[in-house]
Every structure is written in structure tokens, then in C-alpha cells.
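Reading the structure
These are the residues of each chain, in order.
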Amino acid sequence: MAKKLEKFEDFIAWQKARKLTGDIYRVTSVGEFARDFGLKDQIRRSAVSIMSNIAEGFERGRPTEFHQFLSIAKGSCAELRSQLYIALDADYLAIDQFSRLMAAAVETGQIVGGLRVSVEKRKNLL
């Protein structure tokens, strides 16, 4: 039997989102990226939104709300991926940085999506 998760920090989705957020903050703190305040702030907000929505949704304590917040988190993953393309096209990221961040964003989105499906099933049982 799976261990019951008691706090949002236990979720792999949140842990991956936290790592991704740290990586985004690091790459947006240097070079031309650091001077593009609009894109820098927006991509950071997208990353923060992923982990924040996982946390807030879980803490609300109801599967219906958790599912809704996971949907928002998944949308923020897509937003972040789109912004990564902008950063690549603006030459703020080297292709290896872009590839690494994109892979992390895709993986995080997939994990959030899987969690959302799991919560949906649980929600339907109640």
C-alpha cells in the first residue's frame, strides 16, 4: 500500500517544480536575460506558479480543489515552455541550457498531469 502524503513537500511533482524554479532563477540572473525584465519576470512567475499551485491546492484539503489547482499548475508548465522558446530565440539561452530546462519542464508537466489524473479518479470515488 502506498504511503499517504501528508504535506505538499512530499509530492514528487512539487519537488521537481522546486528544482525547475531554482534553475530558472539561476539562468535568468545572468547576462542579457537578467536585463530583459519583462521576460525574466514572466518566466519566473510561471515557474513559481507551478509549485505554488501544487502547494495551495493540496493544502485546501479537497480533491476537487486540488484537481483544479493541478490544472493551473500544468498550464503554467506549458507557459514556461513557451517562454523558454522565446528565450532561445532571443539568444538568452544556449541550446544545451534550453534543452535541459525544456526536458525538466516537460517532465514536471507530465508528473503534474499524472497526479491530476490520480486526483480525478479519487475525486470521482467520493
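The coordinates are above.
Here's a quick rundown of the structure. (Residues numbered from 1 in each chain as written. Predicted model: local features only at pLDDT ≥ 70, side-chain atom pairs only at ≥ 80, totals over all residues. Heavy atoms only, no water.)

1. Here we look at the overall build of the protein chain
If you tally the helices and strands in the protein chain, you get 5 helices and 0 strands. Whereas a compact globule of 126 residues would reach a radius of gyration of roughly 14 Å, the protein chain reaches 15 Å, a difference of no more than 12%. With the C-alpha coordinates aligned to their principal axes, the bounding extent of the protein chain is approximately 50 × 25 × 20 Å. Here the protein chain holds 126 residues, and 42% of them are scored as buried. Of the contacts formed within the protein chain by residues at least 6 apart in sequence, a portion of 69% connects residues at least 24 apart. (Helix = DSSP H or I, 4+ residues; strand = E, 2+ residues; numbered from the N terminus. Rg over C-alpha atoms; globule rule 2.2 N^0.38 Å. Buried < 20%, exposed > 50% of the residue type's maximum accessible area, 1.4 Å probe, protein only. Contact = heavy atoms within 4.5 Å.)

2. Focus on the side chain of Thr-108
Locating Thr-108 in the fold gives a position in helix α5 (residues 95-125). Filtering out sequence-adjacent residues up to four positions away, Thr-108 remains in contact with Ala-13, Lys-16, Ala-17, Leu-20, Ile-50 and Cys-77.

3. Description of the nonpolar core
Counting residues in each nonpolar core, the largest one holds 33 residues, and the members touching the most others are Ile-24, Ile-50, Ile-54, Leu-80, Leu-84 and Leu-93. Going through the elements one at a time, α1 (12-27), α3 (37-59), α4 (63-89) and α5 are the ones with two or more residues in this core. Apart from the residues within four sequence positions on either side, Leu-84 is in contact with Ile-24, Ile-43, Leu-93, Phe-98, Leu-101, Met-102 and Ala-105. (Core = buried A, V, L, I, M, F, W, Y, C linked by side-chain atoms within 4.5 Å.)

4. Overview of the packing of aromatic side chains
A complete count under the given rule lists 6 aromatic pairs for this structure. When the centroid spacing of 5.2 Å and the interplanar angle of 70° are considered together, the rings of Phe-8 and Trp-14 count as edge-to-face. The burial state of Phe-8 is the same as that of Trp-14; both residues are buried. With 5.6 Å between their ring centres and 65° between their planes, Phe-11 and Phe-66 make a pair best called edge-to-face. (Phe/Tyr/Trp six-rings, centres within 6.5 Å; stacked < 30°, edge-to-face > 60°.)

5. Digging into the packing of α4 against α5
Orientation of α4 relative to α5, taken along the N-to-C sense of each, is 165°, at an axis distance of 9 Å. It follows that α4 is roughly antiparallel to α5 by the angle criterion. Relative to α5, the crossing made by α4 is left-handed. In terms of residue class, the contact of α4 with α5 is made up of 18 nonpolar, 6 polar and 6 charged. (Axes fitted to C-alpha atoms, helices over the stretch in contact; angles between N-to-C directions. Parallel < 35°, antiparallel > 145°, perpendicular 65-115°, else oblique. Left-handed = near helix turned anticlockwise from the far one by under 90°. Nonpolar A, V, L, I, M, F, W, Y, C, P; charged D, E, K, R; others polar.)

6. Brief notes about the environment of Tyr-25
Relative to the assigned elements, Tyr-25 resides in helix α1. On a C-alpha basis, the gap between Tyr-25 and Ile-43 in space is 8.9 Å, while along the polypeptide they are 18 residues apart. Apart from residues lying up to four places away in sequence, Tyr-25 is in contact with Arg-44 and Val-48.

7. A few points about the pattern of salt bridges
For the structure on display, the rule yields 9 salt bridges. We note a salt bridge from Glu-32 to Arg-35, for which the minimum N-O separation is 3.0 Å. Taken together, the residues Glu-32 and Arg-35, both in helix α2 (residues 31-35) and 3 residues apart, mark about one turn of the helix. Each of the salt bridges in this network shares a partner with another, and the network as a whole consists of Lys-19, Asp-23, Arg-26 and Arg-100. (Salt bridge = Lys/Arg side-chain N within 4 Å of Asp/Glu carboxyl O.)

8. Here we look at unusual backbone geometry
In the Ramachandran plot, Asp-91 falls in the positive-phi region, its phi being about 65° despite a non-glycine side chain. Relative to the helices and strands, Asp-91 is located in the loop between α4 and α5.

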